[in-house]
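# Geometric and topological summary
In case you want the letters, here they are:
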Amino acid sequence: MTYALAEHITAFSTERHCTEATAPYDGFNITHYCGDEGEHVRRCRKELCERLGIPDSRLIVPRQVHGVRIEEVTEQHLGGAFEETDALITQLKGVCIGVSTADCVPLLMHDQRTDAIAAAHAGWRGTVALIGVLTLKAMQETYGTKAEDVACVIGPSIGPEAFEVGEEVYEAFAEASFPMNDIAYRHPATRKWHIDLWRANAWQLTQAGVQEKAIQVSGLCTYAHYARFFSARRLGINSGRMFTGIMRQT
């Protein structure tokens, strides 16, 4: 699926292209560190590069660890592995940066003034740690980005109805000063907490100065649509990943 940010910006999330997709690696997967067969990953990666019209060296897939490390992609670092990295920023043309997810929230950003772009991985830990805001700050420090010029995408990820959490996760959000009445509710039957990661990420971005109208929320739950998008809660951690990427064409 694709997102409309600007005419010269390509922004998308890959889909599995399966009818049932009950096996953990069935479908389209370019993530090299999730346990899938190397040859399958290479075939999918080659297909995506051909669709984007770029060489393999200009498709950047970081190895994420649910942290807050943010790296800039420059011409000098195109061949880098980007280990232990959960967000990428760049101003390069013809370079696709992105993040791999299977329930976590993928965030894309485009500075409409400077044409800087970013992709961030926001699981619940990254969301609590404000990975979205930290990525925005990295763009500000590196490219002079202003929050009011940024358009954002919150891609397919686990929805609030499926994201049941324990008390410790609820408390982590509360201690980080998230508006709990807006982003969480207790299920009337199970009495378990459910958290809305879409609202939590949108909230932190607006608090940092991004205009609410500039945030696109896909509203698609990966748990509910696991045949279309990978879901770790449905398929297990050892499964494929969707890739949410962004590229500046000119």
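Relevant structure appears above.
Every chain is numbered independently, its residues counted from 1 as its sequence is written. Restriction of local features to residues with pLDDT of at least 70 applies here, the model being predicted, together with a cutoff of 80 or more for giving and counting side-chain atom pairs; totals for whole chains, interfaces and linings are based on all residues. Note: side-chain values were computed over all heavy atoms of the structure, leaving out hydrogens and water.

### Notes on helix α4 (residues 167-175)
Burial status follows relative accessibility: with a 1.4 Å probe on protein chains alone, a residue under 20% of its type maximum counts as buried, one over 50% as exposed, and anything between as partly exposed. Numbered from the N terminus, helices here are DSSP runs of H or I no shorter than four residues, and strands are runs of E no shorter than two. All of the buried residues along α4 are V169, Y170, A172 and F173. Projected down its long axis, α4 shows its buried positions confined to an angular sector of 155 degrees, all on one face. For α4, the exposed residues lying more than 90 degrees away from the buried face are E168 and E175. Note on definitions: a residue-residue contact is assigned when non-hydrogen atoms from the two residues lie within 4.5 Å. On its buried side, α4 packs onto α2 (124-128), β9 (164-165), α5 (180-183), β10 (184-186), β11 (193-195) and α6 (197-207). Taken from the residues just after α4, S177 is the one with a positive phi, measuring 70 degrees. This arc corresponds to the set of directions leading from the helix axis out to the C-beta atoms.

### Digging into the environment of G126
Mapped onto the fold, G126 is located in helix α2. As a C-alpha pair, G126 and N201 span 75 residues in sequence and 9.7 Å in three-dimensional space.

### Quick word on the nonpolar core
In terms of nonpolar packing, the biggest core is built from 41 residues, with M109, F173, I183 and I195 touching the most fellow members. If we skip the residues at most four places from it in the chain, F173 touches W124, T127, V128, F178, M180, I183, I195, L197 and A200. Put simply, buried Ala, Val, Leu, Ile, Met, Phe, Trp, Tyr and Cys residues joined by side-chain atoms within 4.5 Å make one nonpolar core. By size, the runner-up hydrophobic cluster in this structure holds 19 residues, among which are L78, L88, V95 and A119.

### Overview of the state of the cysteines
Disulfides are defined in this document as cysteine sulfur pairs within 2.5 Å. In the structure shown here, the tally under the stated rule is zero disulfides. Considering cysteine sulfurs only, C44 is the nearest to C34, which forms no disulfide, with 10 Å between them. Among the residues examined, C34 registers a relative accessible area of 5% and is labelled buried. Lacking any disulfide linkage, C221 is separated from the closest cysteine sulfur, that of C104, by 12 Å. Here C221 falls in the buried class, since its relative accessible area comes to 13%.

### A look at the layout of surface pockets
A cavity here means a set of points on a 1 Å grid, drawn over the protein atoms and nothing else, where a 1.4 Å probe fits but cannot get out; a pocket is an open set with protein on both sides within 12 Å along at least five of seven lines, and a residue lines either one if it has an atom within 4 Å of a point. Grid points are joined across faces, edges and corners, and a volume is the space filled by probe spheres set on the points. A volume near 560 Å³ is recorded for the largest pocket. As for the largest pocket, its lining consists of 25 residues, of which H66, A102, C104, A232 and I237 are closest to the centre. Looking at the lining of the largest pocket, the elements that each hand over two or more residues are β5 (96-101), α2, β9, α4 and α7 (232-235). We call Asp, Glu, Lys and Arg charged. Ala, Val, Leu, Ile, Met, Phe, Trp, Tyr, Cys and Pro are nonpolar, and the rest, Gly among them, are polar. Split into classes, the residues belonging to the lining of the largest pocket amount to 12 nonpolar, seven polar and six charged. Space inside the second largest pocket adds up to approximately 160 Å³. In this structure, the second largest pocket is lined by 13 residues; those nearest its centre are R45, L59, V61, G80 and A81. For the lining of the second largest pocket, the residue count by class is five nonpolar, four polar and four charged.

### Considerations on helix α1 (residues 38-52)
Here the expected length of a helix is defined as 1.5 Å per residue gap, with one fewer gap than residues. The first and last C-alpha atoms of α1 sit 21 Å apart over 15 residues, in line with the 21 Å expected at 1.5 Å per residue. Those residues of α1 that fall on the buried side of the exposure criterion are H40, V41, C44, R45, L48, C49 and L52. All buried residues of α1 fall inside an arc of 165 degrees around its axis, so they share one side. Facing away from the buried side of α1 by over 90 degrees, the exposed positions are R42, K46 and E50. Residues of α1 that are buried sit in contact with β1 (9-13), β2 (59-60), β5 and β13 (242-248). One or two steps after α1, the chain reaches G53, where phi turns positive at roughly 75 degrees.

### Considering the sheet that holds β11
Should DSSP find at least two bridges between two strands, the strands are regarded as paired. Pairing is antiparallel in the open sheet, where three strands are placed in the order β9-β11-β10. Strands with a single pairing partner mark the edges of an open sheet, and in this sheet they are β9 and β10. Bridge count between β9 and β11: two bridges; the pairing is antiparallel. Bridging from a neighbouring strand, V165 pairs with W193 of β11. A fitted line through C-alpha atoms represents every axis, and for helices the fit uses only the stretch in contact; the resulting angles, taken between N-to-C directions, go from 0 to 180 degrees. Packed on one face of the sheet, α4 meets β9, β10 and β11 and runs near 50 degrees to β11.

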